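Chain by chain, the residues:
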Amino acid sequence: GVGHVSARLGGQHLLLGRYVVEQIRVPSLFDDDSRGNPLFRAVDVVPPFVRVAAKIDLVPTGTSLLDRPAGTGAIARAAALLARLEHSNIVRCLAFGMHESRATLITEWIQGPTLDVAPLNADERFEVALRLTEAVAYVHEQGILHRDIKPKNIVVGRRDGRPHPVLIDFDTAIVLGEDLSLIHI
């Protein structure tokens, strides 16, 4: 619960020296990821005080590889991959660092529902599909495979009154040509 997650943060709500946790464990829109890493809504304390999303690895860095659950290190890998990507339909990595020996990824906050519950008419669904196709093509051109594209990993915001889909959650993404035997999924 909330107390448990707060305790895991050491009772502090300041991340990477400039992001203040606004809401512990954002419900429904950003559920914990498949590895159990909690997601938070935070605010940048540097003007213009924008909202951000924060994901924190619950397993401290330095934990023995034998004691780490499979898939840990995904947040660091996601941060590295997102830092290489610049596309309006892909979530932007704003910061990455350590918070109490835990990998912490800060991304832009996308206001809106996930695709599975977004109220879209037929024209808007077509527009969203087109934008997502362009985003996925861009990711592939960069030599990256997302590997977890699903409606819950697409947030549909609004820009100029039109739906604006954003692909999120690159925790399971890989770079083409990487030795997959070294990646725990």
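This write-up is about the structure you can find in this document. (Residues numbered from 1 in each chain as written. Predicted model: local features only at pLDDT ≥ 70, side-chain atom pairs only at ≥ 80, totals over all residues. Heavy atoms only, no water.)

**Description of the pattern of salt bridges**
Line of reasoning, step 1. Under the definition given, this model contains nine salt bridges.
Line of reasoning, step 2. Here Asp44 ties to Arg18 by a salt bridge, and the two come within 2.5 Å at their closest N and O atoms. On the criterion of sequence distance, the pair formed by Asp44 in strand E3 (residues 39–44) and Arg18 in the loop between strand E1 (14–15) and strand E2 (19–23) is long-range, its members being 26 residues apart.
Line of reasoning, step 3. Owing to a relative accessible area of 7%, Asp44 belongs among the buried residues under this scheme.
Line of reasoning, step 4. One salt bridge in this structure joins Arg92 and Glu108, with 3.6 Å as the shortest N-O distance. Of this pair, Arg92 sits in the loop between helix H2 (74–83) and strand E5 (93–99) while Glu108 sits in strand E6 (residues 102–108), and the two are 16 residues apart along the sequence.
Line of reasoning, step 5. For Arg92, a relative accessible area of 45% gives the class partly exposed.
Line of reasoning, step 6. Glu108 sits in the buried class, given a relative accessible area of 13%.
Line of reasoning, step 7. Overlapping salt bridges bring together Lys55, Asp169 and Asp171 as one network. (Salt bridge = Lys/Arg side-chain N within 4 Å of Asp/Glu carboxyl O. Helix = DSSP H or I, 4+ residues; strand = E, 2+ residues; numbered from the N terminus. Buried < 20%, exposed > 50% of the residue type's maximum accessible area, 1.4 Å probe, protein only.)

**Details of the pairing of strand E8 (residues 154–159)**
Line of reasoning, step 1. Looking at chain direction, E8 and strand E9 (residues 162–167) are connected through six bridges and run antiparallel. Its bridge partner being in E9, Val155 is matched across the sheet by Val166.
Line of reasoning, step 2. Counting the residues between successive antiparallel strands, the hairpin from E8 to E9 contains two residues, one of them, Asp160, with a positive phi of roughly 55°. (Pairing = 2+ DSSP bridges.)

**A look at the nonpolar core**
Line of reasoning, step 1. Among the nonpolar cores identified, the biggest contains 28 residues, and Leu82, Leu85, Ile90, Leu105, Val139, Ile144 and Phe170 are the most heavily contacted of them.
Line of reasoning, step 2. Mapped by element, the contributors of at least two residues to this core are H2, E6, helix H3 (122–141), E8 and E9.
Line of reasoning, step 3. With near-sequence residues (within four places) excluded, Leu105 lies in contact with Ala53, Ala54, Lys55, Ile75, Ala78, Ala79, Leu82, Cys93, Ala95 and Phe96. (Core = buried A, V, L, I, M, F, W, Y, C linked by side-chain atoms within 4.5 Å. Contact = heavy atoms within 4.5 Å.)

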